[in-house]
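# Remarks on the overall topology
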Amino acid sequence: MTPHDAYRHLVSHSRETAYLKSIRRLLAWDQRTHLPRRGHAHRAGQLAFLAGLIHARLTDPRLPEWLERAADADAPAAPDEAQAVNLREWRREYHRASRVPQDLVVALAQAAAEGESAWGRARPANDWAAFRPYLENLVSLKRQEAQALDLGDEPYDALLDGYEPDETAAALQPLLARLREALAPLLRAIGEAPRRPDPGLLRRHFPRPAQEELARLAAQQLGYDLAAGRLDPAAHPFSTGIGPGDVRITTRYDEHYFPTSFFGTLHETGHALYDQGLPPHHWGTPRGEAVSLGIHESQSRLWENLVGRSLSFWRFFYPLARRACPALGEATLPDFHLAVNDVRPSLIRTEADEVTYNLHIIFRFDLELALLRNDLRVADLPGAWNERMEKDLGLTPPDHAHGVMQDVHWSAGHFGYFPTYTLGNLYAAQLFHQARLEVGPWEEHFAAGDFSGLLDWLRRRIHHPGKSFRPRELIARVTGKTLESDELVAYLKEKFAELYNVRT
Ligand code: ZN
């Protein structure tokens, strides 16, 4: 077998696996949007069967030989860039898939499924004692998984690397500690500001058809191609890239709270714009895929917050919103803009504003790191949670449902996932800053509903390169700076000092 043949085998193997994953995403999309209630058991069977097929392909015994032979290519002066990227990523994928023994994979899948359904029952009942044994089992299995993956002395890193390649706890700890330190005084200053938003403004009656019209309009205006996508309602909003020409988003409607569907749609549109911008001719190979969860989240946060909660954005959209939603009444643009930027400590992460959101993430990261290191027992988790809630946000959860049991992640075994949200915010701030330097002031364009300058820049610098670079390398190449918290802190300080008329 020549190196060329080996590479060809790898490409077709990768494409076929990608078709299976794409079919799985389509089934999952249908499951969460249209599936009749009585079809769920059969759908679970279909998904489990596909999961087995996909895992078998990822650990195909022919892969090591192909990978080895393909690497023997008589290194041309300028090696094919896509080939180098693909080989690097296939090697990584094979390593991660083959290191974990089959019986542990099965035990983890089972524990995650049981954990998530136990969480679903225990959370509304506020029954920590019922949930605790499932979480203990999961932490122990995740430690075994980390050990099997064998990525150094820090077990947490092996799990984190599954979501954010090459990221480490050692690199994250000082970064997040600096961010936390900078956010505390800003939050305090805003809390003491005399200027307060009127939260009632967004809690009037906004009929669903009007919200749907606005959501669709906003997604399209930002550049989402509806001929290559769809917008459907779903209980838990998500975006999913089925394949080239088919990237779908969903949103949730609350007739008594304006932000739910609108900002939810902007968020998912950000994810979808990334998937719609990936190079289609590389589809089915790593060169055509997104970099990481964190980079994906940077795209959603950028459009949702840095664009979607800016004054220039609302200079364009507010007249449209007011026409569609007469309940906004006489509220002025500055009133409305302040209301969608309401900053106040809250118990629930998913409802947090731009300033407090990262505080929720940072303490989750500290707690899950301590769990994986065996420095914290699951039994002591609720106490540790409440302590940090009080220290960082000044609030005491009234029950576990509004505290340690609020998120689904840990119940499904997703340890190492939370930091990708804050990484997304950090990347977003750094990218947004750099884009503005290169594209020039865009406030007047935004106010006219034209976001193409920013989107074109993101297409060229972030979307088209696919998985060519690891997250931090991509950020360093595009912005000329290593990842830091400075840009996010500067953005938050400038924006909220002005909005709340405070000194920071
Ligand atoms: Zn997201």
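The coordinates are above.
Structure report, in brief.

### A short note on the overall build of the protein chain
- When its secondary structure is counted, the protein chain shows 20 helices and 3 strands.
- A compact globule built from 504 residues would reach a C-alpha radius of gyration of about 23 Å, and the protein chain, at 23 Å, matches this within 12%.
- Referenced to the eigenvectors of the C-alpha coordinate spread, the extents of the protein chain come out at roughly 75 × 50 × 50 Å.
- In the protein chain, which comprises 504 residues, the proportion classed as buried is 55%.
- Considering only contacts within the protein chain whose residues lie at least 6 apart along the sequence, 75% involve residues at least 24 apart.
- With 59 positive and 67 negative side-chain charges, the protein chain shows a spacing of 2 Å between the two charge centroids.

### Focus on the coordination of the zinc ion
- Protein ligation of the zinc ion involves His267 (NE2), His271 (NE2) and Glu297 (OE), the donor distances falling in the range 2.1 to 2.3 Å.
- Donor residues for the zinc ion, ordered by position in the chain, follow H-x3-H-x25-E. Placement of the pair is histidine 267 in helix α10 (residues 258-277) and glutamate 297 in helix α11 (residues 293-307), with a sequence separation of 30 residues. The burial state of histidine 267 is the same as that of glutamate 297; both residues are buried.

### Looking at helix α7 (residues 155-163)
- Buried residues dominate α7, accounting for 7 of its 9 residues.
- Along α7, the positions that sit buried rather than exposed are Tyr156, Asp157, Ala158, Leu159, Leu160, Asp161 and Tyr163.

### Quick notes on the pairing of strand β3 (residues 246-251)
- In terms of burial, β3 is largely enclosed, as 5 of its 6 residues are buried.
- One ladder, built from 4 bridges, connects strand β2 (residues 239-243) with β3; its direction is antiparallel. Bridge pairing links threonine 240 to arginine 248 in β3.
- Here β2 folds back onto β3, and the loop between the two strands holds 2 residues, one of which, glycine 245, carries a positive phi near 85°.

### A few points about the pattern of salt bridges
- Applying the stated criterion to the full structure yields 37 salt bridges.
- The partner of arginine 92 in a salt bridge is aspartate 161, with the nearest N and O atoms 2.7 Å apart. A residue pair is termed long-range when its members are at least 10 positions apart, and arginine 92 in helix α4 (residues 81-99) and aspartate 161 in helix α7 qualify at 69 residues. A single burial state applies to arginine 92 and to aspartate 161, both of which are buried.
- One salt bridge in this structure joins arginine 178 and glutamate 484, with 2.6 Å as the shortest N-O distance. A residue pair is termed long-range when its members are at least 10 positions apart, and arginine 178 in helix α8 (residues 169-191) and glutamate 484 in the loop between α19 (471-479) and α20 (486-500) qualify at 306 residues.
- When salt bridges that share partners are traced, they join Arg88, Glu89, Arg92, Arg96, Asp161, Asp166 and Arg470 into one network.

### Some remarks on the nonpolar core
- By size, the foremost hydrophobic cluster in this structure holds 130 residues, and its most contacted members are Phe262, Trp303, Trp314 and Leu454.
- The contacts of leucine 454, once residues within four sequence positions are left out, are Leu302, Trp303, Val307, Phe432, Ala435, Trp442 and Phe446.
- Tyr7, Trp66, Leu67 and Trp90 belong to the second largest nonpolar core, which has 10 residues in total.

### Considerations on the sheet that holds strand β1 (residues 231-233)
- Taken in spatial order, the 3 strands of this open sheet run β1-β3-β2, and their pairing is mixed. Both outer strands of the open sheet, β1 and β2, are each paired with one neighbouring strand and no more. Adjacent strand axes in the sheet meet at a mean angle of 25° when their direction is disregarded.
- Of the pairings in the sheet, the one linking β1 to β3 comprises 3 bridges and is parallel in character. Note on β3: the bridge partner recorded for leucine 231 is isoleucine 249.

### Quick look at the environment of glutamate 268
- On the secondary structure map, glutamate 268 appears in helix α10.
- Separated by 37 residues in sequence, glutamate 268 and leucine 231 place their C-alpha atoms 9.7 Å apart.
- Ignoring any residue separated from it by four or fewer positions in sequence, one finds glutamate 268 in contact with Pro237, Phe238, Ser239, Ile249 and Thr250.

### Digging into helix α5 (residues 102-125)
- With 24 residues, α5 ought to run about 34 Å at 1.5 Å a step, and its terminal C-alpha atoms sit 35 Å apart, in line with that.
- Residues of α5 that are buried: Leu104, Leu108, Ala111, Ala112, Gly115, Ala118, Trp119 and Ala122.
- Against the buried residues of α5 lie α6 (128-149).
- One or two positions beyond α5, positive phi appears at asparagine 126, with a value near 60°.

### Considerations on the side chain of serine 300
- As for its placement among the helices and strands, serine 300 is situated in helix α11.
- In this view, serine 300 contacts Leu266, His267, Gly270 and His271; residues no more than four positions away in its chain are not counted.

### A closer look at the packing of helix α1 (residues 3-33) against helix α3 (residues 63-71)
- Where α1 contacts α3, the two axes come as close as 7 Å, and the packing angle between them is 130°. By the angle class used here, α1 and α3 are oblique. Handedness of the α1/α3 crossing: left-handed. When α1 is examined against α3, the residues Pro3, Ala6, Tyr7, His9, Leu10 and His13 are found in contact with a partner set consisting of Leu63, Trp66, Leu67, Arg69 and Ala70.
- Of the residues that constitute the contact of α1 with α3, the class distribution is 8 nonpolar, 2 polar and 1 charged.

### Remarks on unusual backbone geometry
- Located in the positive-phi region is asparagine 374, a residue other than glycine, with phi close to 70°.
- Tracing the sequence through the fold places asparagine 374 in the loop between α14 (357-372) and α15 (381-393).
- Phi is positive for asparagine 501, which is not a glycine, with a value near 55°.
- Within the secondary structure, asparagine 501 is located in the segment after α20.
- A residue is classified by how much of its surface remains accessible, and asparagine 501, at 63% relative accessible area, is exposed.

Reading the values: the criteria
- Residues numbered from 1 in each chain as written.
- Predicted model: local features only at pLDDT ≥ 70, side-chain atom pairs only at ≥ 80, totals over all residues.
- Heavy atoms only, no water.
- Helix = DSSP H or I, 4+ residues; strand = E, 2+ residues; numbered from the N terminus.
- Rg over C-alpha atoms; globule rule 2.2 N^0.38 Å.
- Buried < 20%, exposed > 50% of the residue type's maximum accessible area, 1.4 Å probe, protein only.
- Contact = heavy atoms within 4.5 Å.
- Lys, Arg positive; Asp, Glu negative; His and termini not counted.
- Charge placed at Lys NZ, Arg CZ, Asp CG, Glu CD.
- Donors = N, O, S within 2.8 Å, 3.2 Å for Na, K, Ca; no water.
- Pairing = 2+ DSSP bridges.
- Salt bridge = Lys/Arg side-chain N within 4 Å of Asp/Glu carboxyl O.
- Core = buried A, V, L, I, M, F, W, Y, C linked by side-chain atoms within 4.5 Å.
- Axes fitted to C-alpha atoms, helices over the stretch in contact; angles between N-to-C directions.
- Expected span 1.5 Å × (residues − 1).
- Parallel < 35°, antiparallel > 145°, perpendicular 65-115°, else oblique.
- Left-handed = near helix turned anticlockwise from the far one by under 90°.
- Nonpolar A, V, L, I, M, F, W, Y, C, P; charged D, E, K, R; others polar.

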